[in-house]
Amino acid sequence: MHAPNIVRPVTQWRDPRHRRGLAGELAAARYLEARGWLIEAHRFRFGHSDLDLIARKGGLVAFVEVKTRQSDLFGGGLNAVGWRKRQTIAVGATIWMSRFGLPGDLFRFDLIVVDLSMGGFPQITHIEDAWRHVEK
C-alpha cells in the first residue's frame, strides 16, 4: 500500500532539484510577464504530468517548457527535451486547448532555459517556437 498523493508545501520539499525547478519556473514567468505575456497557467496538471507554463500574448498561446540549470555538465536545456517529453507536452497542450483555448488562437511550443551558474541572478534564454508537434 502506498501513501496517498498529498500536495506538500514548498517549505517541506526535501529535494533541492525541485526547489531549483520551481525557482526557474517563477523566474521564467516574471521574464515573460515583463515582455507583455499573460501567464494563463503554471504547472497545469493532466494525469501524472504537467505543463510548466502556459502564456498568452493576444491570440498567441505558448506552451513553455522550463529547464533550470546550474551548469552545462549534463547538457543544455534544449537537449533535455526529447521526443517523449515533447509528446507529453503536446498531449497536455491538446487538453488545455480543448478546455481553455479561444477560437482563432495560434499555438506554439517554447523553451526557456534558466541558467543559475552565474551565482544569483538567473540568465534566461527564450527559444520561441522551439519545436513543432507532428502527429505520428
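For the structure itself, consult the block above.
Summary of the structure given here.

About the criteria used
- Residues numbered from 1 in each chain as written.
- Predicted model: local features only at pLDDT ≥ 70, side-chain atom pairs only at ≥ 80, totals over all residues.
- Heavy atoms only, no water.
- Helix = DSSP H or I, 4+ residues; strand = E, 2+ residues; numbered from the N terminus.
- Buried < 20%, exposed > 50% of the residue type's maximum accessible area, 1.4 Å probe, protein only.
- Contact = heavy atoms within 4.5 Å.
- Salt bridge = Lys/Arg side-chain N within 4 Å of Asp/Glu carboxyl O.
- Pairing = 2+ DSSP bridges.
- Axes fitted to C-alpha atoms, helices over the stretch in contact; angles between N-to-C directions.

Now for the overall build of the chain. Along the backbone of the chain there are two helices and five strands. In sequence order, the secondary structure elements of the chain are arranged as α-β-β-β-α-β-β. With 136 residues in all, the chain has 35% of them scored as buried. A separation of at least 24 residues holds for 50% of the contacts in the chain among residues at least 6 apart in sequence.

Our focus in this paragraph is the pattern of salt bridges. Considering all chains together, one arrives at nine salt bridges under this definition. Measuring nitrogen to oxygen at the nearest pair gives 2.7 Å for the salt bridge that ties arginine 43 to glutamate 25. Taken together, the residues span a long stretch of sequence, with arginine 43 in strand β1 (residues 38–46) and glutamate 25 in helix α1 (residues 16–34) at a distance of 18 residues. Judged by its relative accessible area of 6%, glutamate 25 is buried. Sharing partners across several salt bridges, the network here consists of Glu40, Arg56 and Asp105.

The strand order across the open sheet built from five strands is β1-β2-β3-β4-β5, with neighbouring strands paired in mixed fashion. Two strands lie at the open edges of the sheet, namely β1 and β5 (123–131), each paired on one side alone. If you compare each strand with its neighbour and ignore which way they point, the axes differ by 30° on average. Two strands pair when backbone bridges link them, and strand β3 (residues 60–69) and strand β4 (residues 106–115) are joined in this way by ten bridges, in the parallel orientation. Counted as the bridge partner of lysine 67 is valine 113 from β4. Helix-sheet contacts for helix α2 (residues 83–100) involve β1, β2 (49–57), β3, β4 and β5, and the interaxial angle to β1 is about 115°.

This paragraph deals with the pairing of β2. The buried fraction of β2 is high, at seven of nine residues. Pairing of β1 with β2 involves seven bridges; the strand directions are antiparallel. When the bridges of β2 are listed, alanine 41 appears paired with isoleucine 54. Linking two consecutive strands that pair antiparallel, namely β1 and β2, is a turn of two residues; a positive phi of about 60° is found at glycine 47 within it. Note that β2 and β3 share five bridges and pair antiparallel. Across the sheet, the residue bridging to alanine 55 is alanine 62, located in β3.

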